[in-house]
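Structural overview for review
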Amino acid sequence: MTAGTSRFRRTALLGAVVATALGGGAVLAACGSGGQDGAGSGPARLSVADSYIPLPPAGGMAAGYLTVRNDGGRDQLVGVTSPGAESVTMHRSTPSSMEQVASLDVPAHGALQFARGGTHLMIMGWQKAPVLGDEVELDLTFAKSGTISVKVPVKELTYRPGQS
């Protein structure tokens, strides 16, 4: 093998390595461009599961819990109302306080969970005090997806989903 042939092979090999690296970078960049922005820009595909309201004291305020599942792009819950109550507000609990929030994010391909000790609904000013077994209509309004109406069962005060 001559020195010229050896130099040519090294140059060709180096060129192939550089081309592969640049090509791989382009593939990674293409994959990245559809990642977070792409997942959040499509329409949300929302559903509600695991909803319940623990039985409130007669005429008193109640908490509401549910999970908003999203199989599409991100959205935001901007309000909740009920024809059976004067007001429904969204709250976030911390170990030392509870604060009302105006909106909550529903992540793309994720879920927004309302659960005891965390984010929850406060339902006040009942038209008729709910009783065990009733279903209360809640209308959830989203920034992009409009309003979804759900029937939420009233359960015993000690009810915990997933426990018998």
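Here is what the cut-offs are and how they apply
Residues numbered from 1 in each chain as written. Predicted model: local features only at pLDDT ≥ 70, side-chain atom pairs only at ≥ 80, totals over all residues. Heavy atoms only, no water. Salt bridge = Lys/Arg side-chain N within 4 Å of Asp/Glu carboxyl O. Helix = DSSP H or I, 4+ residues; strand = E, 2+ residues; numbered from the N terminus. Core = buried A, V, L, I, M, F, W, Y, C linked by side-chain atoms within 4.5 Å. Buried < 20%, exposed > 50% of the residue type's maximum accessible area, 1.4 Å probe, protein only. Contact = heavy atoms within 4.5 Å. Pairing = 2+ DSSP bridges.

Moving on: the pattern of salt bridges. Under the definition given, this model contains 4 salt bridges. One salt bridge connects Asp134 with Lys128, and the closest N-O pair in it is separated by 3.5 Å. Of the charged contacts in the structure, one is a salt bridge between Lys151 and Glu137, with a shortest N-O distance of 3.8 Å. Taken together, the residues span a long stretch of sequence, with Lys151 in strand β10 (residues 146-155) and Glu137 in strand β9 (residues 135-142) at a distance of 14 residues.

Here we come to the nonpolar core. Counting 26 residues, the largest nonpolar core has Leu138 and Leu140 as its most contacted members. The greatest single-element share of this core, amounting to 4 residues, is contributed by β9. Discounting chain neighbours no more than four positions away, the residues touching Leu138 are Leu66, Val80, Thr81, Ser82, Val88, Leu121, Ile123, Ile148, Ser149, Val150 and Val152.

Where burial is concerned, most of strand β8 (residues 119-126) is hidden: 6 out of the 8 residues are buried. Here strand β2 (residues 62-70) pairs with β8 via 3 bridges, running antiparallel. Within β8, the residue paired with Gly64 across the bridge is Leu121. Of the pairings in the sheet, the one linking strand β4 (residues 85-93) to β8 comprises 7 bridges and is antiparallel in character. Opposite Ala85, over in β8, you have Trp126 as the bridge partner.

Any link to function would need more than the numbers given here.
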